[in-house]
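Examination of the molecular architecture
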Amino acid sequence: MEGQLAHIGAGLAAIGSGAAAIGVGNVAGNYLAGALRNPSAAASQTATLFIGIAFAEALGIFSFLVALLLMFAV
Amino acid sequence: MATEAHGAEGGGLVFHPMDQFIVKPLFGGDAIGLFTITNVTLWMGIAIVAIVALMVLGTARRATIPNRTQSVAELAYVFVYKMVEDVAGKDAVGFFPYVMTLFMFIVFANFLGLLPMSFTTTSHFAVTVVLAMLVFLTVTIVGFAKNGAKFLGLFWVKSAPLPLRPVLAIIELISYFVRPVSHSIRLAGNVMAGHAVIKVFAGFAAIATISPVSVLAITAMYGLEVLVAFIQAYVFTILTCVYLKDALHPSH
Amino acid sequence: MATETHAADAAQGASAPGMPQLDFSNWGNQIFWLMITLIVIYFVLSRIALPRIAAVLAERQGTISNDIATAEELKAKAVDAEAAYNQALADARIEAQRIIAEAKAEIKADLAQATADADAQIAVKAAEGEKKIAEIRAGALEAVQAVAADTAAEIVAAMGGKADEKAIGSAVADRMKG
């Protein structure tokens, strides 16, 4: 019973990955919108883009990790 | 418990997405001591060989007009050098070999991990936590050594109104200490997640009716993983540069 | 397969969970090998690879800027050569004009000289001719006078008279003037 509850919890935690996907999409989409308005400034901001994506994605990875922990370690 | 989960699936579908990450001794025996030669040793050794092949043997001709291998080595050099110079500043160039070491190790470990039947060293928290802690300790020590007590100005946001500053200081302090955690878990988590997902799709391939979909999905995921393998190495390196910049120029 | 894995799990100790990453019993091993790997890579890169690549890149930069400098030099040389050529052309043109002008002046002078000589010779010849004509005319007058006087004397003698020479002479001279 407890194990099954843990699986439900893992599924719930996996929602966080979807939320991170929204975040990453936001970052990339806004970058693209800005880059199309001012293409000359786009190249200098790719590093910032990747840092932003990394930060947004890290939190999704945390929720993925929680899901894994619930699946295998609880 | 994992055993129960495996047991419950029983007959048809068998998922063991995490089995690829098991550390095994190479030459018999089960016990893993400090110096046991394991598959971790093997694949780290292969990474060293690959890096030496690219960076040392590839550039052995020292040609003014480079061949392909030398071009790639020079590309990697210029890529990381520019990153250190642009992000961390000109005075951080002394840290370039250190950053280059991290980048080359991560990128090669990631790509070697994408070979079928291989072992991905960077998918282990033991590895990435050490990498992240190395960066964290370097940044903290260099920050205090170069700036003394002024390094604490990193947490005291001068541009904020005075009453807010203590609150911000606590937040900055927490975010500073969370850095190595997110730094390490991001890398290992990304790599592990990709490999595990590929394994899960591979498990679906056992069912004849959906195996074409599963094979296509594996192919697509593999492509994404190639991208992720590079981007995570890039992100790890560029964040190292960002933290180094904080250490060298702590003012906001 | 499944049983095998579980056997391995069990062998790794009771603490081994489903996630191999969280099996802390092998962290020491991994960290040990990781440190060795990083140290090896660091020394290989910082001692051999990075200085070598830096040298190659610097050398290439040097070669490129050298080549560019050489090209600039050659271009400057070409410009100089063109300027020298134009200068020579202009000089030659000026020289040619000078020679033409000189030749023209010389010819003009020669012509004038020749014209003057010719004029002088013509004048001399004309004067000589006039003199000769005058002499001839004078000679002719004298001869005519002498012949007239002789003839008159003969005529006077034939008519039986004796003629005074003087009178005859003056009479002839008078007639000839009239």
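Scoring rules and cut-offs
- Residues numbered from 1 in each chain as written.
- Chains lettered and ligands numbered in written order.
- Predicted model: local features only at pLDDT ≥ 70, side-chain atom pairs only at ≥ 80, totals over all residues.
- UniProt positions renumbered as here; feature names shortened; annotations may be inferred.
- Helix = DSSP H or I, 4+ residues; strand = E, 2+ residues; numbered from the N terminus.
- Buried ≥ 20, exposed ≤ 12 C-beta atoms within 10 Å, placed from the backbone.
- Contact = placed C-beta atoms within 7 Å.
- Core = buried A, V, L, I, M, F, W, Y, C linked by C-beta atoms within 7 Å.
- Nonpolar A, V, L, I, M, F, W, Y, C, P; charged D, E, K, R; others polar.
- Axes fitted to C-alpha atoms, helices over the stretch in contact; angles between N-to-C directions.
- Parallel < 35°, antiparallel > 145°, perpendicular 65-115°, else oblique.

Chain A is annotated in an unreviewed UniProt entry as ATP synthase subunit c from Shimia abyssi. According to the UniProt record, the Sequence similarities (unreviewed entry) comment for chain A is "Belongs to the ATPase C chain family."

Secondary structure assignment for chain B yields 7 helices and 0 strands. Tracing chain B from N to C terminus, the helices and strands come up as α-α-α-α-α-α-α. Viewed in the frame of its principal axes, chain B has a C-alpha envelope of about 65 × 55 × 40 Å. By the burial criterion, 37% of the 252 residues in chain B qualify as buried. For chain B, the proportion of contacts with a sequence separation of at least 24, taken over those separated by at least 6, is 65%.

Turning next to the nonpolar core. The biggest cluster of nonpolar side chains holds 82 residues, and the ones touching the most others in it are V84, V99, F103, M104, F105 and I106 of chain B. Those elements that place two or more of their residues in this core are α3 (46–73) of chain A, α2 (39–57), α3 (68–88), α4 (96–113), α5 (125–147), α6 (165–204) and α7 (211–248) of chain B together with α2 (27–158) of chain C. With residues up to four places along the chain from it excluded, the contact list for V99 of chain B reads V80, V84, T237, T240 and C241 of chain B.

This brings us to the interface of chain C and chain B. Contacts between chain C and chain B engage 39 residues on the former and 44 residues on the latter. Listed by contribution, the elements that provide at least two residues to the side of chain C that touches chain B are α1 (2–11) and α2 of chain C. For the side of chain C that touches chain B, the leading source of residues is α2 of chain C, giving 26 residues. Considered class by class, the residues forming the side of chain C that touches chain B number 24 nonpolar, 12 polar and 3 charged.

Bringing the UniProt feature "transmembrane region" (unreviewed entry) in chain A into the picture now. All names here are of chain A. UniProt marks residues 6–28 and 49–73 with the feature "transmembrane region" (unreviewed entry), using the numbering shown here. In the segment residues 6–28, helix accounts for 100% and strand for 0%; the C-alpha atoms at its two ends are 34 Å apart. As a span, residues 49–73 carries 100% helix and 0% strand, and end to end its C-alpha atoms are 34 Å apart.

What follows covers the interface of chain A and chain C. Taken together, the 4 residues of chain A in the interface contact 4 residues of chain C. Here the side of chain A that touches chain C is composed, by residue class, of 4 nonpolar, no polar and no charged.

Time to look at the packing of α2 of chain B against α2 of chain C. Running from amino to carboxyl end, α2 of chain B crosses α2 of chain C at an angle of 10 degrees, the nearest separation of the two axes being 10 Å. Looking at the two axes, α2 of chain B sits roughly parallel to α2 of chain C. In contact with V40, T41, M44, A47, I48, I51, V52, M55 and V56 of chain B of α2 of chain B, α2 of chain C contributes N29, Q30, W33, L34, T37, V40, I41, V44, L45, I48 and A49 of chain C. The residue makeup of the contact of α2 of chain B with α2 of chain C, split by class, is 16 nonpolar, 4 polar and no charged.

This brings us to the packing of α6 of chain B against α7 of chain B. Residue and element names in this part refer to chain B. Running from N to C, α6 and α7 point in directions that differ by 170 degrees, and their axes come no closer than 9 Å. As summarised for this structure, α6 and α7 are arranged roughly antiparallel, according to the angle between their axes. On the side of α6, the interface is formed by R179, H183, L187, N190, V191, G194, V197, I198, F201, A202 and F204, while α7 contributes S214, A217, I218, M221, Y222, L224, E225, V228, Q232, F236, L239 and Y243. Taken together, the residues of the contact of α6 with α7 sort by class into 16 nonpolar, 5 polar and 2 charged.

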